[in-house]
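Secondary and tertiary structure notes
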There are 2 protein chains.
Amino acid sequence: MATSVSVETLNPKVLRCEYAVRGEIAIHAQHLLQQLERQPGSLPFDEVLFCNIGNPQSFGLKPITFFREVLALCDHPNLLDQEETKSLFSTDAITRAKKILARIPGRATGAYSHSQGIKGLRDEIAAGIASRDGFPANADDIFLTNGASPGVHMMMQLLIRNGRDGIMCPIPQYSLYSASIALHGGALVPYYLDESSGWGLEISELKRQLEDARSKGIAVRALVVSILEILLGRLVSMFSFVLKKDPVSKREIRCNSLRSEKELKKVYQENIYVTNKKFNSFKKIVRSMGYNGDDLRLVSFQSVSKGYYGECGKRGGYMEVTGFSTTVREQLYKIASVNLCSNITGQILSSLVMNPPKAGDASYDLYEAEKDSILESLARRAKAMAFAFNGIDGITCNKTEGAMYLFPRIHLPQKAIETASAVNKAPDVFYARRLLDTTGIVVTPGSGFGQVAGTWHLRFTILPPEEKIPSIISRFREFHEEFMAQYRD
Amino acid sequence: MATSVSVETLNPKVLRCEYAVRGEIAIHAQHLLQQLERQPGSLPFDEVLFCNIGNPQSFGLKPITFFREVLALCDHPNLLDQEETKSLFSTDAITRAKKILARIPGRATGAYSHSQGIKGLRDEIAAGIASRDGFPANADDIFLTNGASPGVHMMMQLLIRNGRDGIMCPIPQYSLYSASIALHGGALVPYYLDESSGWGLEISELKRQLEDARSKGIAVRALVVSILEILLGRLVSMFSFVLKKDPVSKREIRCNSLRSEKELKKVYQENIYVTNKKFNSFKKIVRSMGYNGDDLRLVSFQSVSKGYYGECGKRGGYMEVTGFSTTVREQLYKIASVNLCSNITGQILSSLVMNPPKAGDASYDLYEAEKDSILESLARRAKAMAFAFNGIDGITCNKTEGAMYLFPRIHLPQKAIETASAVNKAPDVFYARRLLDTTGIVVTPGSGFGQVAGTWHLRFTILPPEEKIPSIISRFREFHEEFMAQYRD
């Protein structure tokens, strides 16, 4: 009965879990950063560029002023009684803070809330969803969470019983899904997106993988869908795969609908850089198709980390849970309650992003200007980087239509693949590590997201400041050309 | 291969999990609260009094001004450039906010941080721990978390492999432990505290339960210790049970030392209401005994939710992890990274509570006055409520020496126990439900924390405002006397 705490005696699910976004390359980058701080000039570059994660404010993107004004006033409500506050804060931020405080029992922003989040804020969020979609939303269906990730974990925890329970995920997928499935001991059932059609989805692929999983005795419990993920390499939406009746045909309808309507997921609902497509929530589409709340189990995730607000560090988010029975919902509530509640600052911010200033509000012009400036700049960055990647020999890259990432494919020579294999590394990890050591540029290797066998990618965020992009691209190009020359077949 | 999502097909670990603090009684209380809002006067009481959880600000306790000033400035750093700010904020809050912002890469309070938390804040916290204990602390050992609960879950997730892995917990225990052990599929190995000696701990009990668990094939992987929990019914500390050498004798030494030094756990390190005992961290005690970092695996949890600050809704906290190998630590880091990072507001607040204003700082006098006023009032409440409970027939109650709870024992007549059993309820749940329906007072039944078979308790927070305590006690007494009269043997 070995009880000593060593790697050999840890939970094997933890050992199996991999989380590429903060994995080997990211950890090594932290060490290089510390080395640069201790010994400037000791490396062939003078800054570490974290292009591996979508962390806008770390690249200098400024938060929306109105949101931060309201948060400050809610953190320190005494300010609302002071005359000077009127000259420091916009009038609508003051009004909004008062309204939010009135919706919090005892105006106590430091008290635990209901485990689903403050009811008054959930009402605001439900109103925001209803106004966006044109279909009703209910505060009782909203679970406020510390960012979107805990919601995904909760659903995995609820649904996965053992290694024969499968969750279907698009490949490439966001590493959160594979990590969470591994931690909960389930099986990831992949469905591959087609890079040649701009990461398109074929229904035949979905069917084939579903049948394949079933033939192996896997019960597929949920399907993760995220069209923006499909296009670009990030999340977020998961919904229950299992309809009450006639699941296959309804699933087909749904997926076809998705394809034709170019649905983009909520987390990135504002980050759309093409003019011929627009955001439609998954919920809006299924409701438009006549599914009401009872005949489709749908869980939608939203986060304050993305969009033009990019408030990753505030850990705000929610999931909207529809179509489940009361008894299942009670179990979900229980899981939420074990962590008491999500942080109130994140809860407030979630209500703000779903109800930003409106025309006529004192902050409206500033808010619009800040938002447009961020989104226009991101669109320019996305375009410039994709154009640059496609101009490099041995690299092809789908254009980004939204969100914050590119997923360029690197066409590696066989000799590079063999050299990587000899040191026991995936070729894209080998490449990414060399890129980091040579240039200070941090990317996430495609193998962390899954890719078709024999293809290799890098996930690059488009977030670096515009003025830095030319030098990043030129450093990257120089590295790439040397790498390819070294391993030419 | 049933895949439909119903209670029957959910993860059985979720179904087995119980979380009494937010369980049946708490949920029913929420319904009554809503009913009172919709139909005032429709119940035999006009307010629902949540005496079931330690949620100070929900009872009107005010946050510490200095903490909130710093949070507001960090949320909206533009304020630091404004002249009016000098008249609205104390000078040391301004200085501290600037110092904190300088420690955050890019001054970005909206960016994801390192998954263990912002390094500069962990440095501050480590300095606070070292200054408190007189022993070194290292920022690399600190994991900042959304309150203390996620840290406990992470340790359970890391250590529990299957149902034959046991975690020893004091009974009564905080429900978080039993809930987390159930969610991760482990076994709770109880050790009972002795109510008659003021919730004391006998080494013989610890040994007996350990041997008993081992004889059943349970590998005991960790021991949860929390002296304040022992006294009063709440958390928080867990440390690895397994020493490298001579575990039994060292364990004995440790426990004896605990008994004699009256160690109180960190989460409640400020809430001590007796003059002949003082707070010593567990780490300080084991270091004083000569255990260095390598020969004892110790995980200490701290939270901003308790103490005189009571900032439950901010979800700030940390765990200090010492004595584990690098490879085990890497696995823990991986679990932390899957949720990216804890919320930055909570991170900042954690650094503040460990480094509050010092003599000479502009805020010092106000800070001391606020702190003393809260702690003195809590001490009076604790004393008044214990005294009142002991004055009621059929109730006995240990005095509270710290924290925020009392755990009175109700000596129920046999007829009450049988009536409860007939409706399939634990007698204390039956009692608590009746208490709630009659008076609006919400308590957590003792069975949610564990209790010696045949004894029944209620957990009562001491937090209601002092002016309300007499009426709460008199409502409670009246209910209790009627209940006892109804079921007299």
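First things first, this report covers the structure right here in the doc. As the structure is a computational prediction, the values presented were derived from the model and not from experiment.

Conventions used here
Residues numbered from 1 in each chain as written. Chains lettered and ligands numbered in written order. Predicted model: local features only at pLDDT ≥ 70, side-chain atom pairs only at ≥ 80, totals over all residues. Heavy atoms only, no water. Helix = DSSP H or I, 4+ residues; strand = E, 2+ residues; numbered from the N terminus. Buried < 20%, exposed > 50% of the residue type's maximum accessible area, 1.4 Å probe, protein only. Contact = heavy atoms within 4.5 Å. Areas by Shrake-Rupley, 256 points an atom, 1.4 Å probe, with all protein chains shown as cover. Buried area = accessible area lost by both parts, 1.4 Å probe. Salt bridge = Lys/Arg side-chain N within 4 Å of Asp/Glu carboxyl O. Polar contact = N/O pair within 3.5 Å; in protein donor to acceptor, adjacent residues only side chain to side chain. Nonpolar A, V, L, I, M, F, W, Y, C, P; charged D, E, K, R; others polar. Axes fitted to C-alpha atoms, helices over the stretch in contact; angles between N-to-C directions. Left-handed = near helix turned anticlockwise from the far one by under 90°. Core = buried A, V, L, I, M, F, W, Y, C linked by side-chain atoms within 4.5 Å. Least-squares fit on C-alpha atoms with pLDDT ≥ 70 in both. Phe/Tyr/Trp six-rings, centres within 6.5 Å; stacked < 30°, edge-to-face > 60°. Lys NZ or Arg CZ within 6 Å of the ring centre and 35° of its normal. Pairing = 2+ DSSP bridges. Parallel < 35°, antiparallel > 145°, perpendicular 65-115°, else oblique.

**A look at the overall build of chain A**
- Helix and strand counts for chain A come out as 18 helices and 14 strands.
- Burial statistics for chain A: of 489 residues in total, 63% are counted as buried.
- Partitioning the contacts of chain A with sequence separation of at least 6, the portion at a separation of at least 24 is 69%.
- Of the roughly 17300 Å² of accessible surface on chain A, a fraction of 51% belongs to carbon and sulfur atoms.

**Considering the interface of chain B and chain A**
- Across the contact, 95 residues belong to chain B and 95 residues belong to chain A.
- Area buried by chain B at its contact with chain A is led by Val-5, Arg-22 and Tyr-112 of chain B, which between them contribute 10% of it.
- Residues Lys-314 of chain A and Asp-75 of chain B are paired through a salt bridge, measuring 2.5 Å at the closest nitrogen-oxygen approach.
- Across the contact surface, chain B and chain A share 38 residue pairs in polar contact (both at pLDDT 80 or more).
- When grouped by side-chain class, the residues that make up the side of chain B that touches chain A number 43 nonpolar, 36 polar and 16 charged.

**Looking at the packing of helix α3 (residues 65–75) of chain A against helix α14 (residues 344–353) of chain A**
Residue and element names in this part refer to chain A.
- Two elements in contact, α3 and α14, have axes whose closest approach is 10 Å; the angle formed by their N-to-C orientations is 145°. Between α3 and α14 the crossing geometry is right-handed. Listed contacts from α14 to Phe-66, Phe-67, Val-70, Leu-71, Cys-74 and Asp-75 of α3 are Thr-345, Ile-348, Leu-349, Leu-352 and Val-353.
- Its residues placed into classes, the contact of α3 with α14 shows 9 nonpolar, 1 polar and 1 charged.

**A few points about the pattern of salt bridges**
- The tally for this structure, following the rule as stated, stands at 38 salt bridges over all chains.
- Here Lys-119 of chain B ties to Asp-123 of chain B by a salt bridge, and the two come within 3.2 Å at their closest N and O atoms. With Lys-119 of chain B and Asp-123 of chain B both in helix α6 (residues 119–133) and 4 residues apart, the pair spans about one turn of that helix.
- Given a relative accessible area of 39%, Lys-119 of chain B falls into the partly exposed group.
- Within the structure, one salt-bridge network assembled from shared partners comprises Glu-24, Lys-425, Arg-433 and Asp-437 of chain A.

**Here's the deal with the nonpolar core**
- In terms of nonpolar packing, the biggest core is built from 172 residues, with Phe-67, Ile-348, Phe-460 and Phe-476 of chain A together with Phe-67, Ile-348 and Phe-476 of chain B touching the most fellow members.
- Residues within four places of Phe-67 of chain A in sequence aside, it is in contact with Tyr-308, Tyr-309, Leu-349, Leu-352, Val-353, Pro-356 and Tyr-367 of chain A.
- Ranked by size, the runner-up nonpolar core spans 125 residues in total, among them Met-155, Ala-213 and Val-224 of chain A together with Ile-218 of chain B.

**Quick word on the relation of the copies chain B and chain A**
- Overlaying chain B with chain A gives an RMSD of 0.0 Å, the required rotation being 180° about an axis along which the chain moves by 0.0 Å. Classification of the inter-copy transformation places it as that of a two-fold axis. When C-alpha positions in chain B are compared against the rotation axis, the closest is assigned to Ala-72 of chain B, at 2.1 Å.
- A shared interface surface links the copies, since 100% of the contact residues of chain B are contact residues in chain A too.

**Comments concerning the packing of aromatic side chains**
- Under the counting rule described, the total for this entry stands at 33 aromatic pairs over all chains.
- Judged by centre distance (5.7 Å) and plane angle (40°), the ring pair of Phe-479 of chain A and Phe-483 of chain A falls under tilted. With Phe-479 of chain A and Phe-483 of chain A both in helix α18 (residues 469–486), this residue pair falls 4 residues apart, about one helical turn. Residue Phe-479 of chain A shares its accessibility class with Phe-483 of chain A, and that shared class is buried.
- Centre to centre, the rings of Phe-67 of chain B and Tyr-309 of chain B are 6.4 Å apart; their planes meet at 65°, and the pair counts as edge-to-face. With Phe-67 of chain B in helix α3 (residues 65–75) and Tyr-309 of chain B in the loop between β7 (298–303) and β8 (317–322), this residue pair connects regions lying 242 residues apart in the sequence. One exposure class covers both Phe-67 of chain B and Tyr-309 of chain B, and it is buried.
- Here the guanidinium or amino end of Arg-459 of chain B rests over the ring plane of Tyr-405 of chain B, the centre of that ring lying 3.9 Å away.

**Thoughts on the pairing of strand β4 (residues 187–192) of chain B**
Residue and element names in this part refer to chain B.
- The side-chain alternation of β4 yields one buried face, formed by Ala-187, Val-189 and Tyr-191, and one unburied face, formed by Leu-188, Pro-190 and Tyr-192.
- Relative to β4, strand β3 (residues 165–171) runs parallel, the two sharing 6 bridges. By the bridge assignment for β4, Ile-171 is matched with Tyr-192.

**Topic: the packing of α3 of chain B against helix α5 (residues 91–103) of chain B**
All names here are of chain B.
- Following both chains from N to C, one finds α3 and α5 inclined at 50°, their axes separated by 9 Å at the closest point. Between α3 and α5, the angle falls in the class oblique. Between α3 and α5 lies a crossing of right-handed hand. When α3 is examined against α5, the residues Phe-66, Glu-69, Val-70, Leu-73 and Cys-74 are found in contact with a partner set consisting of Asp-92, Ala-93, Ile-94, Arg-96, Ala-97, Ile-100 and Leu-101.

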